[in-house]
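# Chains, contacts and geometry: an overview
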Amino acid sequence: MRLHDADQVKGVLNDMDFPAGKDAIVEHARHRGADETQLRALRAMPRADYDNLAEVLRSVPVDPAPDRTGTEAAEQRRAHGQGPAGLAEYERDAAPSPIEQELDEG
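Here goes a summary of the coordinates provided. Computed from a predicted model, the values in this text were never measured in an experiment. (Residues numbered from 1 in each chain as written. Predicted model: local features only at pLDDT ≥ 70, side-chain atom pairs only at ≥ 80, totals over all residues. Heavy atoms only, no water.)

## Points about the overall build of the protein
Regarding its fold elements, the protein presents six helices and two strands. Relative to its 106 residues, the protein shows a buried fraction of 25%. Of the contacts made within the protein by residues no fewer than 6 positions apart, 53% connect residues no fewer than 24 positions apart. For the protein, the exposed area adds up to about 7800 Å²; of that, 48% sits on carbon and sulfur atoms. (Helix = DSSP H or I, 4+ residues; strand = E, 2+ residues; numbered from the N terminus. Buried < 20%, exposed > 50% of the residue type's maximum accessible area, 1.4 Å probe, protein only. Contact = heavy atoms within 4.5 Å. Areas by Shrake-Rupley, 256 points an atom, 1.4 Å probe, with all protein chains shown as cover.)

Quick look at the structure:
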């Protein structure tokens, strides 16, 4: 389960000294009483050195629609792509850019 909002970890990291690595951030949150969902979200961050709390909050995975069922999430993933299924973006027909249109006209 992912967090509904990255600010859910803000309270347990508000006194963290930065820069800090991912392991130090997770350990600090654990000592500050973070719940298991918060710790899981912090563990899911990329392994890196974070310069400030804002970088941590941008890296925490967030579920933008926590009330979706599994079926709704799967349907959204299937429908998310545009154009024919199975085609990479560069293989899809796209509208010509304004520069291409101008070159074609002139």
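## Observations concerning a negative patch on the surface
Together, Glu100, Glu102, Asp104 and Glu105 make up a negatively charged patch on the protein surface. On the secondary structure map, glutamate 105 appears in helix H6 (residues 98-105). (Patch = residues over 30% accessible without salt bridge, like charges linked within 9 Å, V, L, I, M, F, W, Y side chains within 5 Å. Salt bridge = Lys/Arg side-chain N within 4 Å of Asp/Glu carboxyl O. Lys, Arg positive; Asp, Glu negative; His and termini not counted. Charge placed at Lys NZ, Arg CZ, Asp CG, Glu CD.)

## Remarks on the nonpolar core
Ranked by size, the top nonpolar core spans 19 residues in total, and within it Leu13, Ile25, Leu42 and Val56 carry the most contacts. With residues up to four places along the chain from it excluded, the contact list for isoleucine 25 reads Leu13, Met16, Phe18, Ala20, Leu42, Met45, Tyr50 and Val56. (Core = buried A, V, L, I, M, F, W, Y, C linked by side-chain atoms within 4.5 Å.)

## Things to note about unusual backbone geometry
Here the bond from phenylalanine 18 into proline 19 is cis, since omega is 0 degrees, no more than 30 degrees from zero. Structurally, the position occupied by proline 19 is in the loop between helix H1 (10-13) and strand S1 (20-21).

## Here's the deal with the packing of helix H2 (residues 22-31) against helix H3 (residues 36-43)
Closest axis-to-axis distance for the H2/H3 pair is 9 Å, and the angle between their directions is 175 degrees. Looking at the two axes, H2 sits roughly antiparallel to H3. Residue-level inspection shows Lys22, Ile25, Val26, Ala29 and Arg30 of H2 in contact with H3, the latter providing Leu39, Leu42 and Arg43. (Axes fitted to C-alpha atoms, helices over the stretch in contact; angles between N-to-C directions. Parallel < 35°, antiparallel > 145°, perpendicular 65-115°, else oblique.)

## A word on the environment of valine 9
Along the chain, valine 9 turns up in the segment before H1. The class for valine 9 is buried, based on a relative accessible area of 0%. It is 6.1 Å that separates the C-alpha atoms of valine 9 and glutamine 38, two residues lying 29 residues apart in sequence.

## Points about H2
Among all positions in H2, only Lys22, Ile25, Val26, His28 and Ala29 are buried. What you see down the axis of H2 is that its buried residues fit within an arc of 160 degrees, all on one side. Contacts from the buried residues of H2 go to H1, S1, H3, strand S2 (49-50) and helix H4 (53-59). Downstream of H2 by a residue or two, glycine 33 has a phi angle that is positive, lying close to 95 degrees. (Arc of directions from axis to C-beta.)

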